[in-house]
Amino acid sequence: MLGTAGAGGALALTGTNPALAAAVEQGTAAYGVDVADVFGPPPGVAQLSRNENPFGPAPSALQAVARYSAQGAYYADRAVRKLIAMIAERHGLESDRVVLSSGSTEVLKCVALGLGRKGTILCPELFWDTTVHYAEAKGVKVKRVPLASDMSIDLAAMKAAITPDVSLIHICNPNNPTGMSLDGEALRAFIRSVDPRVTVLVDEAYMELTARPDYTTVVPLLKERANLVICRTFSKIYGMAGLRLGYAMTSPDIAETLRGYLMSFGGNLAGLAAGIASYHDEPFLKASKAFILESRASIMEVVKSCGLATCASDTNFVYVKVPDADALYQKMVEAQVDIRPAYGRWTQWSRVSTGRAEDIGRYAAVLRAYVGA
Ligand SMILES: Cc1ncc(COP(=O)(O)O)c(C=O)c1O
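How each quantity is defined
Residues numbered from 1 in each chain as written. Predicted model: local features only at pLDDT ≥ 70, side-chain atom pairs only at ≥ 80, totals over all residues. Heavy atoms only, no water. Helix = DSSP H or I, 4+ residues; strand = E, 2+ residues; numbered from the N terminus. Buried < 20%, exposed > 50% of the residue type's maximum accessible area, 1.4 Å probe, protein only. Contact = heavy atoms within 4.5 Å. Areas by Shrake-Rupley, 256 points an atom, 1.4 Å probe, with all protein chains shown as cover. Lys, Arg positive; Asp, Glu negative; His and termini not counted. Charge placed at Lys NZ, Arg CZ, Asp CG, Glu CD. Near = heavy atom within 4 Å. Polar contact = N/O pair within 3.5 Å; in protein donor to acceptor, adjacent residues only side chain to side chain. Nonpolar A, V, L, I, M, F, W, Y, C, P; charged D, E, K, R; others polar. Axes fitted to C-alpha atoms, helices over the stretch in contact; angles between N-to-C directions. Parallel < 35°, antiparallel > 145°, perpendicular 65-115°, else oblique. Expected span 1.5 Å × (residues − 1). Patch = residues over 30% accessible without salt bridge, like charges linked within 9 Å, V, L, I, M, F, W, Y side chains within 5 Å. Salt bridge = Lys/Arg side-chain N within 4 Å of Asp/Glu carboxyl O. Phe/Tyr/Trp six-rings, centres within 6.5 Å; stacked < 30°, edge-to-face > 60°.

### Some details on the overall build of the protein chain
Working step 1: Assigned secondary structure in the protein chain consists of 13 helices and eleven strands.
Working step 2: For the protein chain, the C-alpha atoms occupy an extent of roughly 70 × 55 × 40 Å along the three principal directions.
Working step 3: Within the protein chain, the proportion of its 373 residues that are buried is 50%.
Working step 4: Pairs at least 24 residues apart make up 71% of the contacts formed inside the protein chain by residues separated by at least 6 positions.
Working step 5: Of the roughly 17000 Å² of accessible surface on the protein chain, a fraction of 56% belongs to carbon and sulfur atoms.
Working step 6: Each charge sign in the protein chain was given a centre, from 37 positive and 36 negative side chains, and these centres are 3 Å apart.

As structure tokens, then:
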């Protein structure tokens, strides 16, 4: 039977690898290692801590992964070019303005390191700053600007904090962990007011989930500002966090600089297959957003019934004001509900992600017990 299983597909080649052939023969997909538990949330855990989207990946994406993974023996650079062309076309850009990466984290790190190291990174005090920490650990200086009193990013204070040493301004819109969006026009005016020698990075990881993506995005500014970088991801509305695909859109010059900092070359075959197959899957995208908005509404309802306040979320997570975020986190841990512990000095703010109805139900039960509702 060696090498005959699945004739015509990759399995027909197992004759060249006796160990693989034996595994196929026995029906063990991973050489006897039990992998059932290593994908997805840990068994029994309601995972609401990482802003993932369990509605995805799209059926179109799953079908493409199943169909094309057999070509995983080959580097997938033609697929990289294809997806870059699709992204460029969708946003009315030339392909040399798009950089594809392993999740958006990789290219965000490239921006922080490549452009931040020319001076100082200016950013809000509270935002998704993983990639800024990465650059900081490598010697890049960072200047943080307090939020406004309503928890929004304070653009006027950011403007006032631009000193000659600033080389990169990093803004996350909508912001994480608050979930709040900046007004599109206000952000565009801010970007237009920044000295062109300073690069502005807008992380739009959650943009597709906002109430008014076309108004809130700064993509239209790419044509008029060469100092702008916008990052997007397939991890959120596309529900592909584990498939690792993201991208930056910018000027051709900055794109060239960023490519020089990439650790690899833009995506693995499974992610690329899924991304290409679902990028224009409008029925899925509509349903995915509806799923998220419904889940968010149910979180809001529970939180309100507990007498708690929230930031106005435009995303797939909610920032809830609680007496003690770490104490609540501990209660959740005991019930195997995974939410975020407090961020830094924001000890009275607790972030929960949208998710499956049963998981939100478990969150609600612990929250109610915590507030005694
Ligand atoms: C604002 C923001 N940007 C970027 C990322 C990174 O996502 P990924 O690397 O999966 O694209 C996240 C992850 O949660 C995020 O919240």
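Now that the structure has been shown, the text picks up again.
### Quick look at the site of the ligand
Working step 1: Around the ligand, a shell composed of 14 residues is seen, among which Thr105, Asp203, Tyr206, Thr233 and Ser235 lie nearest.
Working step 2: In this structure, an oxygen atom belonging to the ligand sits 2.5 Å away from a side-chain N or O atom of Thr105.
Working step 3: Burial of the ligand by the surrounding chains reaches 93%, relative to a free accessible area of 400 Å².
Working step 4: When residues in the shell around the ligand are grouped by element, the largest group, four residues, is from helix 4 (residues 103-114).
Working step 5: The residue inventory of the shell around the ligand, partitioned by class, reads five nonpolar, six polar and three charged.

### Section: the packing of helix 11 (residues 282-305) against helix 13 (residues 357-371)
Working step 1: Look at helix 11 against helix 13: their axes get within 10 Å of each other, and the N-to-C directions meet at 10°. As the angle between them shows, helix 11 and helix 13 are arranged roughly parallel. Listed contacts from helix 13 to Ser295, Ser298, Ile299, Val302, Val303 and Ser305 of helix 11 are Ile360, Tyr363, Ala364, Leu367 and Arg368.
Working step 2: Along the lines of polarity and charge, the residues of the contact of helix 11 with helix 13 split into seven nonpolar, three polar and one charged.

### With respect to helix 3 (residues 77-90)
Working step 1: For helix 3, with 14 residues, the first-to-last C-alpha span of 20 Å sits near the 20 Å given by 1.5 Å per residue.
Working step 2: Burial in helix 3 covers these residues: Val80, Leu83, Ile84, Met86, Ile87 and Ala88.
Working step 3: Of the surrounding elements, those touching the buried residues of helix 3 are strand 2 (98-101), strand 8 (246-249) and helix 10 (269-278).
Working step 4: Two residues or fewer past helix 3, Gly92 is found with a positive phi of approximately 65°.

### Some thoughts on a nonpolar patch on the surface
Working step 1: On the surface, Val33, Val35, Val38 and Phe39 cluster together into a nonpolar patch covering about 400 Å² of accessible area.
Working step 2: Assessed through its relative accessible area of 55%, Val38 is described here as exposed.

### Description of the packing of aromatic side chains
Working step 1: Counted according to the given criterion, the structure contains nine aromatic pairs.
Working step 2: Summarising the aromatic geometry, the rings of Phe55 and Phe284 are spaced 5.7 Å apart at their centres and angled 25° between planes, so their arrangement reads as stacked. Separated by 229 residues along the polypeptide, Phe55 in the loop between strand 1 (46-47) and helix 2 (59-68) and Phe284 in helix 11 bring together distant segments of the chain.
Working step 3: Taking relative accessible area as the criterion, Phe55 reaches 33% and is therefore assigned partly exposed.
Working step 4: For Phe284, a relative accessible area of 6% gives the class buried.

### Here we look at the environment of Ile299
Working step 1: Assignment of secondary structure puts Ile299 in helix 11.
Working step 2: A relative accessible area of 0% places Ile299 in the buried class.
Working step 3: The spatial distance from the C-alpha of Ile299 to the C-alpha of Ala357 is 9.7 Å, given a sequence separation of 58 residues.
Working step 4: In this structure, Ile299 is in contact with Val318, Val352, Ser353, Thr354, Ile360 and Tyr363, ignoring residues within four places of it in sequence.

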